[in-house]
Amino acid sequence: MMVANGKGLLAMDESNPTCNKRFAQWGIPQNEETRRAYRELIVTTPGLGQSISGAILYDETIRQKKKDGTLIVKSLIDAQIIPGIKVDTGAKDMAGHAGEKVTEGLDGLRDRLAEYFQMGARFAKWRAVIALGDGIPSRGCIEANANALARYAALCQEAGLVPVIEPEVLMDGAHTMERCCEVTEEVLRTVFNELYSQRVMLEGLILKPNMVLPGLTCARQETVDEVAEATVKCLLRAVPAAVPGIAFLSGGQSGELASARLNAMNVRFKSQLPWALAFSFARAIQQPALEIWHGKQANVSSAQQALQHRAQCNRAARRGEYNAAMEMDNREIALYDVSSV
Ligand code: 13P
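Residues numbered from 1 in each chain as written. Predicted model: local features only at pLDDT ≥ 70, side-chain atom pairs only at ≥ 80, totals over all residues. Heavy atoms only, no water.

## Describing the nonpolar core
Put simply, the rule is: Only buried residues count toward a nonpolar core. Its members are Ala, Val, Leu, Ile, Met, Phe, Trp, Tyr and Cys residues joined through side-chain atoms within 4.5 Å. Burial classes: relative accessible area under 20% of the type maximum marks a residue as buried, over 50% as exposed, and values in between as partly exposed (1.4 Å probe, protein chains only). Helix and strand definitions here come from DSSP, where helices need a minimum of 4 consecutive H or I residues and strands a minimum of 2 consecutive E residues; each element is numbered from the N-terminal end. In what follows, residue pairs with any heavy atoms lying within 4.5 Å of each other are defined as contacts.
By size, the foremost hydrophobic cluster in this structure holds 97 residues, and its most contacted members are Tyr152 and Leu277. Broken down by element, this core gets its largest block of residues, 10 residues, from helix 6 (residues 139-159). Setting aside residues up to four positions removed in sequence, Leu277 forms contacts with Val232, Leu235, Ile246, Phe248, Leu262, Met265, Asn266 and Arg318. One finds Ile56, Val164, Ala276 and Ala278 within the second-largest nonpolar core, a separate group that totals 13 residues.

Below you can see the structure in the form of structure tokens.
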């Protein structure tokens, strides 16, 4: 269900510090009420369930209510969107490994998963972060993160939750696309070895990887088609065919590029692939909506239109039907609406 019918996931599980950081960029007050209001805006977007199969929440949000007193989770379920929950407790500096992080959150996880299931969550997410640089990533970092992902995934399946497994190789740096490909392949192979050791059922998980991309400051920036080809080639080498779906993170790409790259993969390779190629974007779906909203009630409807637009673009990208003209049509609507509020 998470990757059926051309739909994908909406990541709206920014931790409080991350959400506050995004709000701060636009001068939006950073408190529990503004975070609640923003999440209400997202889940009440008309028609969101046409393109979004599941939404990933943060602990604060899964407990929050809309202004009218109904739980945000209920609003999602009513819109036929499956509630999910971020369950890691963040990437922390790794001892003995300067510049590298290991994700924490295994202690007490069994009990937390049981509570989230009871609150309506049916899938979970855990993000590991792999940085590229001089001499990194180390084997120690890759192995520690892969082991934690696999232990998390086993606990999720025991609790009846689908684990979304997110090993993110970061875009930051001047590395080439080839280097990103090499590291992504090594990380994914290590993750799947660990999943096998921990007896995780491959049919019952979603992989959430990065696309294979050149570093943000690399002089050579490959074309959309080159990125699509490198990404699919890397995944074919490392991801078993039993996995039902791959839902990419956006990682700081613009919304338009993320859609164009996902679209190119589906146009060129969809008919030959064992798994669905979908999306689980946060920034690449939310960014324009957040900018338009700006913390103001009067902008809610325009922001929801922008959110719905990005969600629909990604639904089209899953089908290989996205094109640049979709962006032009929306730009006119968005400009008109913003000036009229
Ligand atoms: P981005 O799409 O903004 O990378 O976020 C995805 C996510 O869920 C990060 O954990």
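That shown, we press on.
## Some points on helix 6
Defined as follows: A helix is expected to reach a length of 1.5 Å times the quantity of its residues less one.
If you check helix 6, its first and last C-alpha atoms are 30 Å apart, about what 21 residues at 1.5 Å a residue would give, namely 30 Å. Restricting attention to buried positions, one finds in helix 6 the residues Cys141, Ile142, Asn145, Ala146, Ala148, Leu149, Ala150, Tyr152, Ala153, Leu155 and Cys156. Summarising the contacts, the buried residues of helix 6 are in contact with strand 5 (101-103), helix 5 (109-118), strand 6 (123-130), strand 7 (162-169) and helix 7 (177-197). Gly160 lies just past helix 6 and shows a positive phi near 85 degrees.

## Details of empty space enclosed by the protein
How we decide: For each structure, a 1 Å grid was placed over the protein atoms alone; sets of points admitting a 1.4 Å probe that cannot get out are labelled cavities, open sets with protein on both sides within 12 Å along at least five of seven lines are labelled pockets, and lining residues have an atom within 4 Å of a point. Grid points are joined across faces, edges and corners, and a volume is the space filled by probe spheres set on the points.
Applying the stated criterion to the full structure yields two cavities of 30 Å³ or more. There is about 70 Å³ of room inside the largest cavity. The set of elements that each furnish at least two residues to the lining of the largest cavity consists of helix 1 (16-25) and helix 10 (283-293). Ranked by the residues each element gives to the lining of the largest cavity, the list is headed by helix 10, at four residues.

## Here we look at the packing of helix 5 against helix 6
Formally: All axes here are fitted lines through C-alpha atoms, helices being fitted over the stretch that makes contact, and every angle between N-to-C directions spans 0 to 180 degrees. When describing relative orientation, an angle under 35 degrees is termed roughly parallel and one over 145 degrees roughly antiparallel, while 65 to 115 degrees is termed roughly perpendicular and anything else oblique. By convention the crossing between two helices is left-handed if the near helix lies anticlockwise of the far one by an angle smaller than a right angle, and right-handed if it lies clockwise. Under the scheme applied here, ten amino acids are nonpolar (Ala, Val, Leu, Ile, Met, Phe, Trp, Tyr, Cys and Pro), four are charged (Asp, Glu, Lys and Arg), and all others, including Gly, are polar.
The N-to-C vectors of helix 5 and helix 6 enclose an angle of 40 degrees; their axes lie 10 Å apart at closest approach. Our classification of the angle between helix 5 and helix 6 gives oblique. For the pair helix 5 and helix 6, the sense of crossing is right-handed. For the pair formed by helix 5 and helix 6, the contact residues are Leu109, Arg110, Leu113 and Phe117 on the first element and Tyr152, Leu155, Cys156, Glu158 and Ala159 on the second. Partitioning the contact of helix 5 with helix 6 into residue classes produces seven nonpolar, no polar and two charged.

## A short note on the packing of aromatic side chains
When we look at a pair of aromatic rings, we describe it by the centre distance and by the angle of the planes. Threshold: Working definition: a ring pair exists when centres of Phe, Tyr or Trp rings (six-membered ring for Trp) sit within 6.5 Å. Plane angles under 30 degrees give stacked, over 60 give edge-to-face, the rest tilted. Placement of a positive charge over a ring is assigned whenever Lys NZ or Arg CZ falls within 6 Å of the ring centre and within 35 degrees of the normal to the ring plane.
Here the structure, examined in full by the defined rule, presents five aromatic pairs. The interplanar angle of 35 degrees and the centroid separation of 5.7 Å between the aromatic rings of Phe279 and Phe281 together place this pair among those described as tilted. Phe279 gets classed as buried once you look at its relative accessible area, which sits at 0%. Under the relative-accessibility criterion, Phe281 is labelled buried at 0%. An aromatic cluster is present here, built from Phe23, Tyr38 and Trp293 joined pairwise through their rings. The positively charged end of Arg122 is found above the aromatic ring belonging to Phe117, 3.8 Å away from the centroid.

## Points about the site of the ligand
Stated formally: Nearness is judged by heavy atoms alone; a residue qualifies as near a molecule or strand once a single heavy atom is within 4 Å of it. Any N or O atom pair separated by 3.5 Å or less is treated as a polar contact, with the protein-specific requirement of one donor-capable and one acceptor-capable atom, and with residues adjacent in sequence counted only for side-chain atom pairs. For the area figures, the Shrake-Rupley method with a 1.4 Å probe applies, and any residue is considered shielded solely by the protein chains shown. Think of it this way: if more than half of a molecule's atoms are within 2 Å of a pocket's grid points, that molecule is in the pocket or cavity.
Around the ligand, 13 residues are found, and the nearest of them are Lys125, Lys208, Ser250, Gly251 and Arg283. Between the ligand and Ser250, the relevant distance is 2.4 Å, taken from an oxygen atom to a side-chain nitrogen or oxygen of the residue. Within the backbone of Gly251, an N or O atom sits 2.6 Å from an oxygen atom of the ligand. Isolated, the ligand exposes 300 Å² of accessible area, and the fraction of that covered by the protein chains is 93%. Spatially, the ligand is embedded in the largest pocket. For the shell around the ligand, the residue count by class is four nonpolar, three polar and six charged.

## Some points on the sheet that holds strand 8 (residues 206-207)
Definition in use: Note on pairing: DSSP must find at least two bridges between two strands before they are called paired.
The parallel closed barrel is built from eight strands, whose spatial order is 1-2-3-6-7-8-9-10. The sheet contact formed by strand 3 (residues 82-86) and strand 6 spans three bridges and is parallel. Bridge pairing in strand 6 links Ile85 to Ala124.

## Regarding unusual backbone geometry
A cis geometry characterises the amide bond from Ile136 onward to Pro137, with omega recorded as 10 degrees. Turning to its location among the elements, Pro137 is positioned in the loop between strand 6 and helix 6. Despite not being glycine, Arg199 shows a phi value in the positive range, around 60 degrees. Mapped onto the elements of the fold, Arg199 is located in the loop between helix 7 and strand 8. Assessed through its relative accessible area of 77%, Arg199 is described here as exposed. Backbone geometry places His294, a non-glycine residue, at a positive phi of 55 degrees. Structurally, His294 can be placed in the loop between helix 10 and helix 11 (300-319). Owing to a relative accessible area of 31%, His294 belongs among the partly exposed residues under this scheme.

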